[in-house]
Amino acid sequence: MVSLANYLMLSAVLFGISVAGIVINRRNIVIILMCIELLLLAVNTNFVAFASFWDDIQGQIFVLFVLTVAAAEAAIGLAILVVIFRQHHSIAIDELSQLKG
Amino acid sequence: MAMTQIIFYSFAAILLFSATMVVSARNPVRAALFLVLAFIASAGLWLQLQAEFLGLVLVLVYVGAVMTLFLFVVMMLNINASEQQQRFVFYLPLVALIVALVVMLMFKVIGPTSFPTSEFFAPGMRASDYSNVEAIGAVLYTDYLYPFEIAGVILLAAIVAAISLSFRGRRRDKTEQVAEQVRVKKADRLRIIK
Amino acid sequence: MEQTLQMMSLGLVLAPLLASVVAGFAGDWIGRRGAHSVTIFCVAISFCLSIYFVNHFVLAAAAPINFTVYHWLVIQSLQLNVGFLLDALSSMMAVVVCFVSLLVHIYSIGYMHDDPAYQRFFSYISLFTFMMLMLVFANNFMQLFFGWEGVGLVSYLLIGFYYQRDSATLGSFKAFMVNRIGDFGFLLGIAAVLASFSSLDYAAVFAKAASLQQQTVTIWYGHEWSLMTVICLLLFIGAMGKSAQVPLHVWLPESMEGPTPISALIHAATMVTAGIYMVSRLSPLYELSNTALNVIMIIGATGALFLGLLGIVQNDVKRVVAYSTLSQLGYMVCGLGASAYAVSMFHLITHACFKALLFLGAGSVIIAMHHDQDIRHMGGLRRYMPVTYWTVLIGSLALAGLPPFSGFFSKDLLIVAVSASGLPATGYATACLTLGVFVTALYTFRAFFLTFHTTPRMDETTRSHLHESPAVVWLPLVILAIPSALLGIVMVSPVLFASQTLFVNTIHVAAHHSAMAELATEYHGAFKLMLHAFVTVPFWLALAGILVAWLCYEKYPASPAWLIKRFNWVYRLLLAKYGFDQFNQTFVVGSTRTLGRFLYQVTDVSLIDGFVNGVAAVTGLVSSVVRRIQTGFIYHYTLAMLLGLAGFLIWLLWG
């Protein structure tokens, strides 16, 4: 029997992988956006698992909304990426340190 | 081992493998494709959890639209695989340690001791005429009508934002474009004839 | 009647203030004539009113009037008022002040004729008159102190009148500083009065004084002092500063940097006598402390003799008269110590007349000599300035104390009173005062002969321009010469020895201080007193002094040089003014400077600035380290978030 804990642990590990991906990424911004998508995926899996095991449809409703917002956010993030690319002609993260103190 | 468990573990393996590849792939196109694979595996898991509508939405919308968008942008930007490998390797142990710590902590909260099988048992299979779509719809358009409309507005806002950020066409107004003014070079304005 | 008198006293005191304000602020607008006209007019009003007061309170012996003009401050049960005490003592003092002030105002028209700051000068001397009158008419210690400080302030302003000169500003500083030291003691005395009597009004204090006679107060190390002695000595420290007693006398010679009219007004007749007036006014307190009276007598006698000796070696004509003032103030203070307050006040009055005369006469000579003040450059001025010559001669004879001039009466009676006193220091004091008579005559006539007789020593251009001063200058001299000559004969009986003395109800003498009483029993009238002089020592000493001066400077002009060579160490000691100035410079000024430097460098710069700047520097240092965390890279921020998440989870699970 696959228990709830399995799904939850799976999503926890997925979460950890994607956070690690954000932190160790030195290459470009697109990878960060993809890792954010993975984060949201982990959370969604959590919700769906709970919705299933507790027989409550509200979890799935929430997933729907998270999906919506994630899509919107991906779109805007990519638009910003495009604008940055136009300015710097590169999307390497190391060149985006203008906020340093 | 029951069939459910085999399905679960295989899909889970694919999911985790592709997630790792997303993080560590050198070519961003490859990373995007692995992300697609991760979504598909995840959709399979969701189907196992009897959330058919969401699984399908995941594939259709996320993979079909959002990841396509990603690939568009990646290819448009024509990114070279950059050579920052040594830094990558340098930070990896430390970060892996911290992430492992965090995940262990999370396991403590959501692990089998907190959510034991004895209390949280899997729901039985649903009836054959169970329609997940109908179940969602029954709630979505009645109790969650307001958030639903707001979600639509969010998408509208995203469209407007994306366009206004990256629009490069001819502007109808006569406001000064300071960024362009600053970027002007002598060759743009002056043509030496003689 | 009383109401009228109160109004008149207000007018008397406030008229000079009004004149000062008008001349000071509207000086440019009303011009020179306007300035001196308004000030002379107002001081003349004060003078006439003061004459009326003398007539009322002294000659008609009316009862004193004590009234409050204005309630200034009320702190619980303590009331500080502006009030006036009108009686014989204050009326006499007011007459002296107004008389000399009026004459100085008139004199200044001539003396300050060429000065660009004419209106400012008149404003200041009127302001001084106001302050002095506030002091004289005060009926409580606070107002006394107000007048005290006020005259000190105006003295500072006037000594530094030629402020473009370094020596003038330094002199004014010195005067103010030394006065301040005296004022510190004075203020402590007032505080002691307040603490003991819970009131600052004279009436309340005098009423309660006798009951506190036996009380003691502990100051240091459990040593008990008599309360009255402490109070009286502290108040006397103020008098030492203001009336230039040893050792706070050092400011008076430097105060000669100011214009001569103010030397006459302030440093001869009025401000320096404020201390004498104060002690006389507070006689009910001083009578209760023999120790204080003894100390007063010693200090006065020391000043009388030793400061007089310094006058013999001075070459600036104003300095000679300044040291003469110091010596005569010593006489007056010594008389106070002998409980002969009335005699001291009488000497104050006569001294005001002849000393002002001498200063104004010196001013007349200075004008003629085109502001050269060195008597070694003078000589033979008798021929050129007859009026000045005769009036200064009268003044000098009065100062030397020869009958029938006024100085004789006051000084002789003072010496007799001191010798009749029963205090331990009487012998020393009498000796000092008697020798002082010789010294006085000597330096006075030395300066006189060198200036008016002997051969002329000035250069030819100056000599050809020598002439008598204008009328505004010699008229005050003549007016002052009259009381210098006659005041003694006329006033000695009424002032001192009438059955109801003029100062009854004002000066209080205890029964066991019997000097004045003994004097009264031996006194048989002014004429007899003059005849008696021929058998007393002071008279012959004065004549001897004049003789020695004549011998040294007229007959044998080479003798001073020989004497200087013979007694060189004495001469050098006198020139160095007994080393007071060097002592003050080294110890007092030096230690103050060192303390200031220490406080500046150690506490202010190192500690306080170091602390404040240190706080800023530490903040800067810390922030320059901490801001490295803000790298600008997203992955660092994400790592920080991750670490925060880990920490939070740990705390949540195990905290």
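Residues numbered from 1 in each chain as written. Chains lettered and ligands numbered in written order. Predicted model: local features only at pLDDT ≥ 70, side-chain atom pairs only at ≥ 80, totals over all residues. Heavy atoms only, no water.

(A) Focus on the overall build of chain C. Scanning chain C for helices and strands turns up 27 helices and 4 strands. Dimensions of chain C, computed from the C-alpha atoms along their principal axes, are close to 120 × 65 × 55 Å. Taken across its 655 residues, chain C has 57% of its residues classed as buried. A total of about 27200 Å² of accessible surface is found on chain C, and carbon and sulfur atoms cover 69% of it. Where the 29 positive side-chain charges of chain C centre and where its 26 negative ones centre are 8 Å apart. (Helix = DSSP H or I, 4+ residues; strand = E, 2+ residues; numbered from the N terminus. Buried < 20%, exposed > 50% of the residue type's maximum accessible area, 1.4 Å probe, protein only. Areas by Shrake-Rupley, 256 points an atom, 1.4 Å probe, with all protein chains shown as cover. Lys, Arg positive; Asp, Glu negative; His and termini not counted. Charge placed at Lys NZ, Arg CZ, Asp CG, Glu CD.)

(B) Structural view of the overall build of chain B. Per the secondary structure count, chain B includes 8 helices and 0 strands. Its helices and strands taken in sequence order, chain B reads α-α-α-α-α-α-α-α from the N to the C terminus. The C-alpha radius of gyration of chain B comes to 25 Å, more than 25% above the 16 Å expected for a compact globule of 194 residues. With respect to the principal axes defined by its C-alpha atoms, chain B has extents near 90 × 50 × 25 Å. Here chain B holds 194 residues, and 30% of them are scored as buried. In chain B, the share of contacts with a sequence separation of at least 24, taken over all contacts with a separation of at least 6, comes to 57%. (Rg over C-alpha atoms; globule rule 2.2 N^0.38 Å. Contact = heavy atoms within 4.5 Å.)

(C) Layout of the interface of chain B and chain A. Contact residues are listed per partner, giving 81 residues for chain B and 68 residues for chain A. Here chain B and chain A share an interface that buries about 6800 Å² over both sides, 79% of which is from carbon and sulfur atoms. Taken together, the links from chain B to chain A amount to 0 salt bridges. Between chain B and chain A we count 7 residue pairs in polar contact (both at pLDDT 80 or more) in total. Of all elements in the fold, only helix 1 (3-24), helix 2 (28-48), helix 3 (52-77), helix 4 (85-110), helix 5 (132-140) and helix 6 (145-166) of chain B reach the threshold of two or more residues within the side of chain B that touches chain A. A per-class count over the side of chain B that touches chain A returns 63 nonpolar, 13 polar and 5 charged. (Buried area = accessible area lost by both parts, 1.4 Å probe. Salt bridge = Lys/Arg side-chain N within 4 Å of Asp/Glu carboxyl O. Polar contact = N/O pair within 3.5 Å; in protein donor to acceptor, adjacent residues only side chain to side chain. Nonpolar A, V, L, I, M, F, W, Y, C, P; charged D, E, K, R; others polar.)

(D) Expanded view of the interface of chain B and chain C. Taken together, the contact pairs 11 residues of chain B with 11 residues of chain C. Counting each side, the surface lost to burial between chain B and chain C is near 860 Å², with a carbon and sulfur contribution of 91%. Taken as a group, Ile98(B), Val102(B) and Leu105(B) account for 51% of the area that chain B buries against chain C, more than any other trio of residues on that side. Connecting chain B to chain C are 0 salt bridges. Joining chain B to chain C, the criterion identifies 0 residue pairs in polar contact (both at pLDDT 80 or more). For the side of chain B that touches chain C, the class distribution of residues is 9 nonpolar, no polar and 2 charged.

(E) Looking closely at the pairing of strand 1 (residues 65-75) of chain C. Residue and element names in this part refer to chain C. Sheet topology places strand 1 next to strand 2 (residues 78-86); 9 bridges connect them, and they run antiparallel. Residue Ile 75 lies in a different strand from strand 2, and its bridge partner there is Leu 78. The antiparallel pairing of strand 1 with strand 2 creates a hairpin that spans 2 residues between the two strands, and Gln 76 there sits at a positive phi of about 50°. (Pairing = 2+ DSSP bridges.)

(F) Up close: a nonpolar patch on the surface. A cluster of nonpolar side chains, namely Leu595(C), Phe598(C), Leu599(C), Val602(C), Leu607(C), Ile608(C), Phe611(C), Val612(C) and Val615(C), defines an oily patch on the protein surface of about 860 Å² accessible area. Considering the arrangement of structural elements, one finds Val615(C) in helix 26 (residues 580-626). (Patch = residues over 30% accessible without salt bridge, like charges linked within 9 Å, V, L, I, M, F, W, Y side chains within 5 Å.)

(G) The arrangement of the nonpolar core in detail. Among the nonpolar cores identified, the biggest contains 210 residues, and Phe141(C), Met278(C) and Tyr286(C) are the most heavily contacted of them. Once residues lying within four places of it in the same chain are set aside, the contact partners of Tyr286(C) are Cys232(C), Leu235(C), Phe236(C), Met278(C), Val279(C), Leu293(C), Ile296(C) and Tyr341(C). If you look at the next biggest cluster of nonpolar residues, it comprises 93 residues, including Phe53(A), Ile110(B), Ala151(B) and Phe633(C). (Core = buried A, V, L, I, M, F, W, Y, C linked by side-chain atoms within 4.5 Å.)

(H) Representation of helix 22 (residues 526-533) of chain C in the model. All names here are of chain C. Among all positions in helix 22, only Ala 526, Leu 529, Met 530 and Ala 533 are buried. Angular distribution of buried residues about the axis of helix 22 spans 100°; they occupy a single face of the element. Residues of helix 22 that are exposed and point over 90 degrees away from its buried face: Phe 527 and Lys 528. (Arc of directions from axis to C-beta.)

(I) Spotlight on the state of the cysteines. All names here are of chain C. In total, this model carries 0 disulfides over all chains according to the counting rule given. Just so you know, Cys 334 is unpaired, no disulfide at all, and the nearest cysteine sulfur is the one on Cys 432, 7.6 Å from it. Not engaged in a disulfide, the cysteine Cys 353 finds its nearest cysteine sulfur in Cys 98; these two sulfurs lie 13 Å apart. Its relative accessible area of 6% is what places Cys 353 among the buried residues. (Disulfide = S-S within 2.5 Å.)

(J) Expanded view of the packing of aromatic side chains. All names here are of chain C. Counted according to the given criterion, the structure contains 38 aromatic pairs over all chains. Judged by centre distance (5.9 Å) and plane angle (50°), the rings of Phe 445 and Phe 449 are tilted. Linking Phe 445 with Phe 449, this pair stays in helix 18 (residues 426-452), spanning 4 residues, or about one helical turn. Across the pair, Phe 449 and Phe 445 agree in class, each one buried. Ring plane angle 10° and centroid distance 5.3 Å describe the contact between Phe 633 and Tyr 635, whose orientation is recorded as stacked. Comparing Phe 633 with Tyr 635 shows no difference in burial state: the two are buried. Taken together, the ring pairs in this structure connect Tyr 118, Phe 121, Phe 122, Tyr 124, Phe 161 and Tyr 162 into an aromatic cluster. Above the plane of the ring of Tyr 331 lies Lys 411, whose end atom (NZ or CZ) is 5.3 Å from the centre. One cation-aromatic arrangement involves Arg 566 over Phe 567; the distance from NZ or CZ to the ring centre is 5.8 Å. (Phe/Tyr/Trp six-rings, centres within 6.5 Å; stacked < 30°, edge-to-face > 60°. Lys NZ or Arg CZ within 6 Å of the ring centre and 35° of its normal.)

(K) The arrangement of the packing of helix 17 (residues 406-420) of chain C against helix 22 of chain C in detail. Residues and elements named next belong to chain C. Contact geometry of helix 17 with helix 22 gives a least axis separation of 11 Å together with a crossing angle of 75°. Relative to helix 22, the element helix 17 is oriented roughly perpendicular. Two secondary-structure elements touch here, helix 17 through Phe 408, Phe 409 and Leu 413 and helix 22 through Ala 526, Leu 529, Met 530 and Ala 533. Looking at the contact of helix 17 with helix 22, its residues break down into 7 nonpolar, no polar and no charged. (Axes fitted to C-alpha atoms, helices over the stretch in contact; angles between N-to-C directions. Parallel < 35°, antiparallel > 145°, perpendicular 65-115°, else oblique.)

(L) A look at the environment of His249(C). Mapped onto the elements of the fold, His249(C) is located in the loop between helix 8 (227-242) and helix 9 (251-254). With sequence-adjacent residues up to four places away left out, His249(C) is seen in contact with Ala244(C), Leu307(C), Leu326(C) and Phe580(C).

(M) How the structure looks around the pattern of salt bridges. Residue and element names in this part refer to chain C. Summed over all chains, the structure comprises 9 salt bridges over all chains. For Asp 87, the salt bridge identified is with Arg 281, shortest N-O distance 2.9 Å. Within this pair, whereas Asp 87 is found in the loop between strand 2 and helix 3 (88-111), its partner Arg 281 is found in helix 11 (residues 274-281), the two being separated by 194 residues in sequence. On the accessibility criterion, Asp 87 (3% relative accessible area) is buried. Owing to a relative accessible area of 3%, Arg 281 belongs among the buried residues under this scheme. Between Arg 165 and Glu 257 there is a salt bridge, with the nearest N and O atoms lying 3.4 Å from each other. Here the residue Arg 165 occupies a position in the loop between helix 5 (141-159) and helix 6 (166-197), and Glu 257 occupies one in the loop between helix 9 and helix 10 (260-269), the gap between them amounting to 92 residues.

(N) View of unusual backbone geometry. Residue and element names in this part refer to chain C. Cis geometry marks the peptide bond from Val 246 to Pro 247; its omega dihedral reads -5°. Among the secondary structure elements, Pro 247 is positioned in the loop between helix 8 and helix 9. A positive phi angle, near 55°, is found at Ala 244, a position not held by glycine. Here Ala 244 shows up in the loop between helix 8 and helix 9. Of the residues examined, Ala 244 reaches a relative accessible area of 1% and is grouped as buried.

(O) Representation of the packing of helix 23 (residues 537-555) of chain C against helix 24 (residues 559-566) of chain C. Residues and elements named next belong to chain C. Running from N to C, helix 23 and helix 24 cross one another at 110°; their axes reach a closest spacing of 8 Å. On the basis of the axis angle, helix 23 is roughly perpendicular to helix 24. Taken together, the residues of helix 24 that come into contact with helix 23 (itself represented by Leu 551, Cys 552 and Tyr 553) are Ser 559, Pro 560 and Leu 563. Its residues assigned to classes, the contact of helix 23 with helix 24 shows 5 nonpolar, 1 polar and no charged.

(P) Examining the side chain of Thr229(C) more closely. Residue and element names in this part refer to chain C. Here Thr 229 shows up in helix 8. On the basis of relative accessibility, which here comes to 7%, the residue Thr 229 falls in the buried class. Sequence-distant contacts of Thr 229, defined by excluding residues within four places in its chain, comprise Ser 289, Thr 291 and Ala 292.

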